[in-house]
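A closer look at the structure
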Amino acid sequence: MSINQGDAYLRIDHVSKSFGTFEALTNVTLEIYAGEFVCFLGPSGCGKTTLLRAIAGLDIQTSGRIFQGGRDISALPPSQRDFGIVFQSYALFPNLSVADNVAYGLVSTRRPKAEVEGRVRELLTLVGLGGQEQKFPSQLSGGQQQRVALARALAMSPGLLLLDEPLSALDARVRQHLRSELKELQRKLKVTTIMVTHDQEEALAIADRIVVMNHGVIEQVGTPLDIYRHPGSAFVADFVGHMNFLPVERVAADRVRFGSFEFTAPVNGNQDATATLCVRPEDIQIRNVIPGQDNSLKATIDHMEFLGSFCRAELVVNGGRHLKADFSINAMRDLSLEPGQEILIALPADRLRLFRGDAHV
Amino acid sequence: MSDATLAPAVALTGKVDPAGGQPPRIRPRASGEDWVMRGAIALLAAYFVVTLVLPLYTLLIKSAEDKDGNFIGLANFARYFADPALTQSIVNTVTVSLIGTVITIFLAFLYAYALTRTCMALRGLLRAVALVPLLAPSLLPGLALIYLFGNQGIFKGLLMGHDIYGPIGIIIGEVFFAFPHALIILVTALSVADQRLYEAADSLRASPFRIFMTVTLPGCRYGLISAGMVVFTLIFTDFGVPKVIGGSYNVLATDVYRQVIGQFNFQMGAVVGLLLLFPAVISFTVDRIVQRKQVALLSARAVPFQPQPRPVIDRTFLIISSVIAALLLLILGMAFVGSIITFWPYNLAPTLKWYDFTRLGTDGWGPYFNSLRMAAMVAIIGTAIVFTGAYLTEKSRGAKGLRASLHLLAMVPLAVPGIVLGLAYIFFFNASGNPLGFIYNTMVILVVNTICHFYTVCHLTAVTALKQVDAEFEAVSASLKVPLYRTFWRVTVPVCLPAILDISIYLFVNAMTTVSAVIFIYSANSKLMSINAINTEDAGNTASACAMGMVIVATSAVLKGLHSLLVRRMQRRTQAWRRR
Ligand SMILES: Nc1ncnc2c1ncn2[C@@H]1O[C@H](COP(=O)(O)OP(=O)(O)OP(=O)(O)O)[C@@H](O)[C@H]1O
Ligand SMILES: [Mg+2]
């Protein structure tokens, strides 16, 4: 018997998890490589936490196997697995000082005191909390608590770092700052990391690869750019970034019709008679569109929303269909765009995606 | 390498289904620690079986046996209900329980309203005074009433010829005894009001009376039902008050005692004991349902109610609650006065001779030290069992069914009146052939019985505290390879220390004051102070009985004071990490 395990550090093999009759995970198969930063992304209740807890052994899957570093850990209790974990609540021990929290696992390994202290100092410096050793968790800000939890999870040098929405309890600015720090730290330590999040922006910014989940199944696995540029399903297209959906009819292998317009569209697997055409607001071209150019169409600006560095316009095409389009401030000024104006836009063929007809409207 | 690593997995998960249908289930492997915890849970379950389930079962069996131990079905019950002298007790018990409940709830509601919804002065003091009856054994109000309204009573005239020995005395004594229990529930119920409802009602210009009827009352209806049930059960099953002041007015609790201790009619005692159980079980069930609803009410996002000063109302309620507090203090004070007066009412010179227990009989202060020893053991051992048990049911992995049934078992003692539990203990532990029979006639059986008697409230306190502890502590320590017992000891216990102290003081005070359960199972060398007080009163020495009651009150009060000091010191020491 020979099963190719490749170089995967963590292999999740047909894992399903039911709570009573409800199936929270269905046949999840996934490989994660050593040193990777992977994000589980999906809407609330899609099973991200369930999958993370199965990997940790906290809620063991109903069926399917999990291998870590070539070892079958499917049925092992958490204490016999190799991971560090940070929870959304941080779960810091409130009656222990920051130093004691971080040293918690080290102490029971019976290492010499001086070594433990040195390691704690090193870890706290690593997460930028040097000098705060004697404080209690309740005396720290949310962001600082999060760092303590991270230091504690890293203390035993685990092979796998599991993070369940570690940033979601923080306000937006702290969150952005911490997320880049987290990424930097992970790159430095090269520890294989899985982070659960339902914030697509966070996942895009931080992950080496993103696992998009929905209703207990994996919708797509890929690099952030991959997921963003080539969403594998209408769900992913909608969930990650912004997306316009247009119902179209197929007229040829690579041509579709939308009302009175015909477009060249990619051949990405879908050959149904009716389909859904997707295009991102920022991919809609407005400058230098020549009348008669391929994939061009007339649109009326309904209204515009100023969003700082760019402008999001609501366009009406084909007598009623709405499209969102992002224009740079420059384009807006150069073309002196205004609501009510009729303009010519183009949908570049290489930026279009086609999905099943009933996928989304 | 893949072959080697896959082999154990296959062995572990069983062979693959040849039909290719259901994939093989993963059977989680328990760690050594999990097994230790499961073992502890099983041990706890066994403990419950021995100290609760089997005794109650024996009681049930006993009620269906004749004197020679032959099974006779419901014949004992038939005999009971055929005897109007016995069934009269049911009517009596229901009567005093109903009237007592109505009065208690009425007074406690006024008092709780004053404490939570008005800005009256002295709220802290009045709250403390209202809880004083908890420190006294239930025979104490009975004794005080003898001095107040008895044949030589100061206020005998107020009764207009009625006798205090009987329903009137029982009702007054029970109101005193049950008042703080009702108050605690009603204060909780009234504290969770939603400010926004009142603001809405105000903005609709509803009259204060309409606001009260449409917002306040419905808001605490579950609290009222719950308090009513608890008080009814307390009065229905109380033994101390009717024993002292009941006279010839028989109630069920005193009937059990008479049947068993007076006439050695164990079978009839068991029948009455079961009757005593019925209303308790019903009210217990209603209370559980109500509590479940109450929780839903609590978890709603409410803005906490802040009372606004309303001078007239505040002053009115200050008067009302001061009068109630004064009456409570009057009863306690009368018992105290009774214990320090030479010969009521003829010689009012103060004396300490009634406290000279050594002169009174052979026991002397022995029962007091027995009580102290028993209360200390109950507090220490009981707290350890209750907290560990609650921890195991709340936080261990796997063994779901066992944990759920343990939780259920922990709820049962609340529905079992002390007198029934005591009776069950005689039947079970005194039965010939019981290998545990050796604890009969020792202090151990009193300790075991008392822990069981007061288990439920302690268990719920512990569970509530544990639920507030972050649910992931165990997961974190597993990931750090730290054994659970270490996290239990280093984190869970310190974090829950306030609740642990609450449990132990609750157990101590109740063990000090309890009469009903232990009256059946004490022995000559484990006689308790509260029981000695009953016997002394039986022998006609009311003054010394009062003195014994006062010694119990004083001891409970001192311990309670120490407890508050300890809690305050601990709060100061731990305020660095404890969020308020
Ligand atoms: N112990 C449980 N018992 C029953 N159902 C559960 C249990 N835990 C999770 N579920 C269900 O499983 C599904 C997935 O839950 P999970 O916590 O994994 O979601 P999630 O993706 O982490 O969502 P969120 O972003 O809200 O944290 C949900 O529908 C949830 O209701
Ligand atoms: Mg989650």
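The shown structure was predicted, so the numbers you read here are calculated from the model rather than taken from an experiment.

1. Description of the sheet that holds strand β19 (residues 353–356) of chain A
All names here are of chain A. An order of β13-β12-β11-β14-β19 is seen for the 5 strands of this open sheet, with the pairing classed as antiparallel. A strand with exactly one partner marks an edge of an open sheet, and here the two such strands are β13 (261–264) and β19. Strand-to-strand, the axes of this sheet are offset by a mean angle of 45°, without reference to chain direction. Bridging between strand β12 (residues 255–258) and β13 involves 4 bridges; their strand directions are antiparallel. Residue pairing across strands places Phe258 opposite Phe261, the latter belonging to β13.

2. So, the domain arrangement of chain B
Residues and elements named next belong to chain B. For chain B, the assigned domains read domain 1 (32–62 + 361–580) and domain 2 (88–251 + 316–350). If you average the C-alpha positions of domain 1 and of domain 2, the two centres end up 27 Å apart. Between domain 1 and domain 2, the contact holds 24 residues from the first and 18 residues from the second. Between domain 1 and domain 2 lies a buried interface of about 1800 Å² when both sides are counted; carbon and sulfur atoms form 81% of it.

3. Quick word on the confidence of the model for chain B
Predicted coordinates in areas of low pLDDT are best not read in detail. Residue and element names in this part refer to chain B. Averaged over every residue, the pLDDT of chain B is 86; residues scoring 70 or more account for 92%. Within chain B, the lowest mean pLDDT, 37, falls on helix α1 (residues 2–13), and the highest, 95, falls on helix α19 (residues 443–453). Predicted confidence for residues 1–19 stays below pLDDT 50, and this span has 22 contacts to residues more than four positions away or in other chains. With pLDDT under 50 throughout, residues 297–301 is counted as low confidence; its partners more than four residues away or in other chains account for 5 contacts. Predicted complex, confidence summary: ipTM 0.84, pTM 0.85.

4. A closer look at the layout of surface pockets
Quantified by volume, the second largest pocket comes out at close to 1300 Å³. Surrounding the second largest pocket, 46 residues form its lining, Leu58 and Asp59 of chain A together with Ser396, Arg397 and Gly398 of chain B being those nearest its centre. Contributing elements (two or more residues each) for the lining of the second largest pocket: β1 (8–19) of chain A together with α2 (32–62), α16 (366–395), α17 (400–411), α20 (455–468) and α21 (473–479) of chain B. A class-by-class count of the residues in the lining of the second largest pocket yields 19 nonpolar, 10 polar and 17 charged.

5. As for the sheet that holds strand β3 (residues 37–41) of chain A
Residue and element names in this part refer to chain A. Strand order in this open sheet of 6 strands is β6-β7-β8-β3-β9-β10, and the pairing throughout is mixed. Two strands lie at the open edges of the sheet, namely β6 (84–86) and β10 (217–222), each paired on one side alone. Taking the axes of each pair of neighbouring strands and ignoring which way they run, one obtains an average angle of 15° across the sheet. Helix α1 (residues 48–56) rests against β3, β6, β7 (160–164), β8 (192–197) and β9 (209–214) of the sheet, and its axis sits at about 150° to β7. Helix α5 (residues 172–189) contacts β3, β7 and β8 of the sheet and is inclined by roughly 140° relative to β3.

6. A short note on the UniProt feature "domain: ABC transporter" (unreviewed entry) in chain A
In this numbering, the UniProt entry assigns the feature "domain: ABC transporter" (unreviewed entry) to residues 10–240 of chain A. Taken as a whole, residues 10–240 of chain A contains 36% helix and 26% strand, while its terminal C-alpha atoms sit 25 Å from one another.

7. Some points on the site of ligand 1
Residues and elements named next belong to chain A. Close contacts around ligand 1 come from 13 residues, with Ser44, Gly45, Lys48, Thr49 and Thr50 the closest. At 2.7 Å from an oxygen atom of ligand 1 is found a main-chain nitrogen or oxygen belonging to Gly45. When the free accessible area of ligand 1 is taken as 630 Å², the share hidden by the protein chains comes to 59%. Put simply, the parts of the chain that give the shell around ligand 1 at least two residues each are β2 (22–33) and α1. Of the residues forming the shell around ligand 1, the biggest block, 3 residues, is contributed by α1. The class makeup of the residues in the shell around ligand 1 is 5 nonpolar, 6 polar and 2 charged.

8. Details of unusual backbone geometry
Leaving glycine out, the prevailing phi sign among residues is negative, and the prevailing peptide bond configuration is trans. If you check the backbone angles, His215 of chain A has positive phi at about 50° while not being a glycine. Mapped onto the elements of the fold, His215 of chain A is located in the loop between β9 and β10. Judged by its relative accessible area of 67%, His215 of chain A falls in the exposed class. Although it is not a glycine, Leu122 of chain B sits at a positive phi angle of roughly 60°.

9. Observations concerning the pattern of salt bridges
Summed over the entire model, instances satisfying the criterion amount to 23 salt bridges over all chains. Across the salt bridge formed by Glu115 of chain A and Arg111 of chain A, the nearest N and O atoms sit 3.9 Å from each other. On the accessibility criterion, Glu115 of chain A (42% relative accessible area) is partly exposed. With its nearest N and O atoms 3.6 Å apart, the salt bridge here joins Arg119 of chain A to Glu122 of chain A. Here Arg119 of chain A pairs with Glu122 of chain A, and both are found in helix α3 (residues 113–126), just 3 residues apart, close to one helical turn. Overall, Glu122 of chain A belongs to the partly exposed group, its relative accessible area being 48%. The network of salt bridges with common partners includes Arg53 and Asp59 of chain A together with Glu472 of chain B.

Cut-off values and rules
- Residues numbered from 1 in each chain as written.
- Chains lettered and ligands numbered in written order.
- Predicted model: local features only at pLDDT ≥ 70, side-chain atom pairs only at ≥ 80, totals over all residues.
- Heavy atoms only, no water.
- Pairing = 2+ DSSP bridges.
- Helix = DSSP H or I, 4+ residues; strand = E, 2+ residues; numbered from the N terminus.
- Axes fitted to C-alpha atoms, helices over the stretch in contact; angles between N-to-C directions.
- Domains from an automatic or database assignment.
- Contact = heavy atoms within 4.5 Å.
- Buried area = accessible area lost by both parts, 1.4 Å probe.
- pLDDT = per-residue confidence, 0-100.
- 1 Å grid on protein atoms, 1.4 Å probe; cavity = no way out; pocket = protein on both sides within 12 Å on 5 of 7 lines; lining within 4 Å.
- Points joined across faces, edges and corners; volume = space filled by probe spheres on them.
- Nonpolar A, V, L, I, M, F, W, Y, C, P; charged D, E, K, R; others polar.
- UniProt positions renumbered as here; feature names shortened; annotations may be inferred.
- Near = heavy atom within 4 Å.
- Polar contact = N/O pair within 3.5 Å; in protein donor to acceptor, adjacent residues only side chain to side chain.
- Areas by Shrake-Rupley, 256 points an atom, 1.4 Å probe, with all protein chains shown as cover.
- Buried < 20%, exposed > 50% of the residue type's maximum accessible area, 1.4 Å probe, protein only.
- Salt bridge = Lys/Arg side-chain N within 4 Å of Asp/Glu carboxyl O.

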